[in-house]
Amino acid sequence: MRTNKLHLVFTLVVLLGINTMNFFDRQILPAVQERIRKEWDLSDFELGWLVTAFILLYAVVGLPLGRLADTGPRKLILAAGVALWSLMTLGSGFAWNFSSLLIFRLGVGIGEASCAPTSSSLIGDLVPPERRARAMALFMLGLPVGVALSFPISSAIAQRSNWQTAFFVAGVPGLPLALLALFIADRRPQRMKDEGGRLNQENSASSFSLPPSSFLKVVRHLLSMPTMWWIIASGALHNFNMYALGTFLASFLTRYHSVSVARAGQISGLVYGCGALSIFVAGWLGDRAFRRTVNGRLHVAWIGLAAASPCLLLAFQAAPGDLWLCALWLLPGCALLYAYYGTVYATIQDIVEPKLRGTAMAIYFFGMYLFGGSLGPAAIGRISDYRAHRAAGPGADVTDLHKAIGLHDAMYLVPALNVLLVLVLFAASRTVKRDYVRLQERMNRQ
């Protein structure tokens, strides 16, 4: 028993390390993009498209990898993905123009698409339901920690050396993590009996009657649950905002508040680092709320996100140069956005059969990245360019001052969409009980 616990702890620590580098490597580009923009004379739309193209490929590749996570060797899939994205991150430092950098970033996207479906499937099988939100929150700590480290480290390297070196440094840690992934726990759940002699269907590997190869039937089954539709919609809105902020926050601070690339990276890292506390607290509260009511996790999520919008609005209303007032409101605003991850991700595990969790996460990620994350950077970039030209006036040259105004105006879209996200999560909290009960009834009939 002690050996099993140690193996579980080792697995969770390695998964946390992998997810940390997942978001560290993903966030290098926004941290150093002001240097790249000036060197290659790129528009904000082109900067946004570098992220959008990455996300589109990530979403598409994630579907087959998610299904493979339900049927194949998960730790091998994960190890190969980590190795690939680490090598592609190293390669990004050799990019010589926009097109070459785009190709390397697409390679990163293919590798990173392996992380979420396999890791979520592993955690769903290894951790019991009553502790699942905390385990998912621990895994998702990699998001704020990775972003919080990437911004100051990558921007400082770009400031003192060059942006290429930032990619070289970031690519190295993933290679030993890929090796460690080969030693994590990868046990498929077995049909077990509880103390009363009843079958414990939560741990049953055969709790779903559809053949594993029938992918379309699996998709139809998963999408027959209203809660999945609401959660996918919530993921699209949330990822739109998170990728819009992640792509342009440092640029916004550099342009609108006139700080250096390194200082903008430090403040962005601090802002995102506060999300680590929020994601853990929300996961802990989500588990406590789940013990009282099935929709408790989603209540924690929408209440936390509801408090984020006014904070973000006040942050963007800070006058140019009033950096610390902006940062003062960005801290709670961004931190509260992280209430989403452990709570909502755990809810997907609550309503989906163990054998389908990898596929369910892949479908969820496909929807939220295709209709949310991929649109956020490009949309904010396009609005920023449009508002910059409006600020300059017809036929006038667009200066850095106009670009600062344009990006500032575009950022108001984030708190506005967050209000819609809160409504969607509230709607999901109204349907999750029914889907949860149906799952229990279905598994009890097996």
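Residues numbered from 1 in each chain as written. Predicted model: local features only at pLDDT ≥ 70, side-chain atom pairs only at ≥ 80, totals over all residues. Heavy atoms only, no water.

### Some points on the overall build of the protein chain
Stage number 1. Looking only at helices and strands, the protein chain has 21 helices and 2 strands in total.
Stage number 2. Counting only C-alpha atoms, the protein chain reaches 75 × 40 × 40 Å along its principal axes.
Stage number 3. Taking all 446 residues of the protein chain together, the buried fraction comes to 59%.
Stage number 4. Restricting the contact set of the protein chain to residue pairs at least 6 apart, pairs at least 24 apart contribute 83%.
Stage number 5. Surface exposure of the protein chain reaches about 17200 Å², of which carbon and sulfur atoms provide 66%.
Stage number 6. Seen as two clouds, the 39 positive and the 24 negative side-chain charges of the protein chain have centres 8 Å apart. (Helix = DSSP H or I, 4+ residues; strand = E, 2+ residues; numbered from the N terminus. Buried < 20%, exposed > 50% of the residue type's maximum accessible area, 1.4 Å probe, protein only. Contact = heavy atoms within 4.5 Å. Areas by Shrake-Rupley, 256 points an atom, 1.4 Å probe, with all protein chains shown as cover. Lys, Arg positive; Asp, Glu negative; His and termini not counted. Charge placed at Lys NZ, Arg CZ, Asp CG, Glu CD.)

### Describing the packing of helix H11 (residues 226–256) against helix H18 (residues 357–373)
Stage number 1. Relative orientation of the contacting elements H11 and H18 amounts to 45°, with a least axis distance of 7 Å. On the basis of their axis angle, the class for H11 and H18 is oblique. For the element pair H11 and H18, the recorded crossing hand is right-handed. Contacts from Met228, Ile231, Ile232, Gly235, Ala236, Asn239, Phe240 and Tyr243 of H11 reach H18 at Ala360, Ile363, Tyr364, Gly367, Met368, Tyr369, Phe371, Gly372 and Gly373.
Stage number 2. Class assignment of the residues belonging to the contact of H11 with H18 gives a composition of 12 nonpolar, 5 polar and no charged. (Axes fitted to C-alpha atoms, helices over the stretch in contact; angles between N-to-C directions. Parallel < 35°, antiparallel > 145°, perpendicular 65-115°, else oblique. Left-handed = near helix turned anticlockwise from the far one by under 90°. Nonpolar A, V, L, I, M, F, W, Y, C, P; charged D, E, K, R; others polar.)

### A word on the nonpolar core
Stage number 1. Formed by 129 residues in total, the largest nonpolar core has its most connected members in Leu253, Leu330, Tyr345 and Tyr364.
Stage number 2. Per-element tally for this core: the top contributor is H11, with 15 residues.
Stage number 3. In contact with Tyr364, other than residues within four places in its own chain, are Ile231, Ile232, Gly235, Tyr340, Val344, Tyr345 and Ile348. (Core = buried A, V, L, I, M, F, W, Y, C linked by side-chain atoms within 4.5 Å.)

### Examining the packing of aromatic side chains
Stage number 1. Using the criterion set out here, one finds 20 aromatic pairs in the structure.
Stage number 2. When the ring of Phe94 is compared with that of Phe168, the centres are 5.0 Å apart and the planes differ by 50°; the resulting orientation is tilted. Placement of the pair is Phe94 in the loop between helix H3 (74–92) and helix H4 (98–112) and Phe168 in helix H8 (residues 163–171), with a sequence separation of 74 residues.
Stage number 3. According to the relative accessible area criterion, Phe94 is exposed, its value standing at 57%.
Stage number 4. Classification of Phe168 as partly exposed rests on a relative accessible area of 27%. (Phe/Tyr/Trp six-rings, centres within 6.5 Å; stacked < 30°, edge-to-face > 60°.)

### Notes on a nonpolar patch on the surface
Stage number 1. On the surface, a cluster of nonpolar side chains totalling about 470 Å² of accessible area is made up of Leu277, Phe280, Val281, Trp284 and Leu285.
Stage number 2. Along the chain, Trp284 falls in helix H13 (residues 275–292). (Patch = residues over 30% accessible without salt bridge, like charges linked within 9 Å, V, L, I, M, F, W, Y side chains within 5 Å. Salt bridge = Lys/Arg side-chain N within 4 Å of Asp/Glu carboxyl O.)

### Quick word on the environment of Gln440
Stage number 1. Looking at the secondary structure, you find Gln440 in helix H21 (residues 413–444).
Stage number 2. The exposure class of Gln440 is partly exposed, given its relative accessible area of 26%.
Stage number 3. Separated by 45 residues in sequence, Gln440 and Gly395 place their C-alpha atoms 65 Å apart.

### Concerning the environment of Thr118
Stage number 1. Positionally, Thr118 belongs in helix H5 (residues 115–126).
Stage number 2. The class of Thr118 is buried, set by a relative accessible area of 0%.
Stage number 3. Here the alpha-carbon distance between Thr118 and Leu78, two residues 40 residues apart in the chain, equals 6.6 Å.
Stage number 4. The residues contacting Thr118, other than those within four sequence positions of it, are Ala69, Arg74, Ile77 and Leu78.
Stage number 5. Of note is the side chain of Thr118, whose polar atom sits 3.2 Å from the backbone oxygen of Cys115. (Polar contact = N/O pair within 3.5 Å; in protein donor to acceptor, adjacent residues only side chain to side chain.)

### Structural notes on the confidence of the model for the protein chain
Stage number 1. Predicted confidence across the protein chain gives a mean pLDDT of 86, with 93% of residues reaching 70 or more.
Stage number 2. Highest mean pLDDT in the protein chain belongs to helix H15 (residues 308–316) (96); lowest belongs to strand S1 (residues 192–193) (38).
Stage number 3. The model gives residues 191–210 a pLDDT under 50, and that stretch makes 46 contacts with residues more than four places away or in other chains. (pLDDT = per-residue confidence, 0-100.)

### Some thoughts on the pattern of salt bridges
Stage number 1. For the structure on display, the rule yields 8 salt bridges.
Stage number 2. Arg255 is paired through a salt bridge with Asp44; the nearest N and O atoms lie 2.6 Å apart. Residue Arg255 is found in helix H11, and its partner Asp44 is found in helix H2 (residues 44–71); the two are separated by 211 residues along the sequence. Neither residue differs from the other here; Arg255 and Asp44 are each classed as buried.
Stage number 3. A salt bridge links Arg297 to Asp287, with the shortest nitrogen-to-oxygen separation between them at 2.6 Å. Residue Arg297 is found in helix H14 (residues 296–306), and its partner Asp287 is found in helix H13; the two are separated by 10 residues along the sequence. In this pair, the class of Arg297 matches that of Asp287, namely buried.

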